[in-house]
Amino acid sequence: MSDNDSGRDEEFRAFIVAAWPWLLRTAYLLTGERHAAEDLAQSAAERTCAAWSRVRRADDPHSYVRRIMVNQHARRWRRRSPEVLVQEVPDAAGTEDGYARSDQRRMLMAALASLPARQRQAVVLRHWEDLSDAQAAAAMGCSAGAVRSHAAKGIAKLRDIAALREFKDMTRIGGAV
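Attention in this report is confined to the structure presented alongside it. (Residues numbered from 1 in each chain as written. Predicted model: local features only at pLDDT ≥ 70, side-chain atom pairs only at ≥ 80, totals over all residues. Heavy atoms only, no water.)

Quick look at the side chain of serine 43
With respect to the helices, strands and loops of the structure, serine 43 is situated in helix H2 (residues 34-50). In this structure the side chain of serine 43 is engaged in a polar contact, spanning 2.5 Å, whose partner is the side chain of glutamine 72. When sequence neighbours within four positions are dropped, the list of residues in contact with serine 43 reads Gln72 and Arg76. (Helix = DSSP H or I, 4+ residues; strand = E, 2+ residues; numbered from the N terminus. Polar contact = N/O pair within 3.5 Å; in protein donor to acceptor, adjacent residues only side chain to side chain. Contact = heavy atoms within 4.5 Å.)

So this is what it looks like as structure tokens:
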């Protein structure tokens, strides 16, 4: 292996180590299941490694990897039977997950898991990842209008879920959470 190859390998390794918490969190939000999220993040890392020469030259390597992950998730979802979108929502996330500190998270994860895949992707990318419509569209491989439509429908479905409304009302009244 040449010094140039080892430099690229080290650059890739540093990128993945730094991006791993983000990859895992996004994968979990897309899949709704811890083990599937780990598999999706690992698969995205493998594909990123294979395409590292293109990824490292990209204007935004994170966007490139996000697109890889969304595409991988879409391929896996298409192969699954539509009746089983999520096996279970964990009662508690690992200690490394700083987002697992509230009851609302568990309710929200269950609600996200009930959304169709494209709506879930749009909601996660727009509202969790805080991407613009154009960035989410690039990650999902569709138009910005389709992202807005999927996100609006997903948010509307989330607003219709009674458990989330009750939690919101309870926090507005000043209930302990």
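Section: unusual backbone geometry
Of note in the backbone geometry, aspartate 130 takes a positive phi value of approximately 60° without being a glycine. Mapping aspartate 130 onto the fold places it in the loop between helix H6 (117-128) and helix H7 (133-140). Here aspartate 130 falls in the exposed class, since its relative accessible area comes to 65%. (Buried < 20%, exposed > 50% of the residue type's maximum accessible area, 1.4 Å probe, protein only.)

Points about H7
When H7 is considered as a whole, its buried residues turn out to be Asp133, Ala136, Ala137, Ala139 and Met140. End-on view of H7: buried residues confined to an arc of 165°, all on one side of the axis. Of the residues flanking the end of H7, it is glycine 141, one or two places downstream, whose phi is positive at about 75°. (Arc of directions from axis to C-beta.)

Focus: the environment of leucine 30
Within the secondary structure, leucine 30 is located in helix H1 (residues 3-31). Setting aside chain neighbours within four positions, we find leucine 30 in contact with Leu40, Met69, Val70, His73, Arg120, Gln121 and Val124.

Overview of the packing of aromatic side chains
In this structure the tally under the stated criterion is 2 aromatic pairs. With a centroid separation of 5.5 Å and an interplanar angle of 70°, the aromatic rings of phenylalanine 12 and tryptophan 52 are classed as edge-to-face. Of this pair, phenylalanine 12 sits in helix H1 while tryptophan 52 sits in helix H3 (residues 52-57), placing them 40 residues apart in sequence. Across the pair, tryptophan 52 and phenylalanine 12 agree in class, each one buried. Between phenylalanine 15 and tryptophan 52 the ring centres are 5.3 Å apart and the planes differ by 45°, which places this aromatic pair in the tilted class. Taken together, the residues span a long stretch of sequence, with phenylalanine 15 in helix H1 and tryptophan 52 in helix H3 at a distance of 37 residues. The same class applies to phenylalanine 15 and to tryptophan 52, which are both buried. The structure contains a cluster of three or more aromatic residues connected by ring pairs, namely Phe12, Phe15 and Trp52. (Phe/Tyr/Trp six-rings, centres within 6.5 Å; stacked < 30°, edge-to-face > 60°.)

Examining the pattern of salt bridges
Applying the stated criterion to the full structure yields 6 salt bridges. The residue glutamate 10 makes a salt bridge to arginine 13 at a minimum N-O spacing of 2.6 Å. Of this pair, glutamate 10 and arginine 13 both sit in helix H1, separated by 3 residues, roughly a single helical turn. Overall, the relative accessible area of 45% leaves arginine 13 in the partly exposed class. Glutamate 11 serves as the salt-bridge partner of arginine 56, at 2.9 Å between the closest nitrogen and oxygen. Residue arginine 56 is found in helix H3, and its partner glutamate 11 is found in helix H1; the two are separated by 45 residues along the sequence. Via salt bridges that share partners, Arg126, Asp133 and Arg148 belong to a single interconnected network. (Salt bridge = Lys/Arg side-chain N within 4 Å of Asp/Glu carboxyl O.)

By themselves, these figures tell us nothing about what the structure is for.
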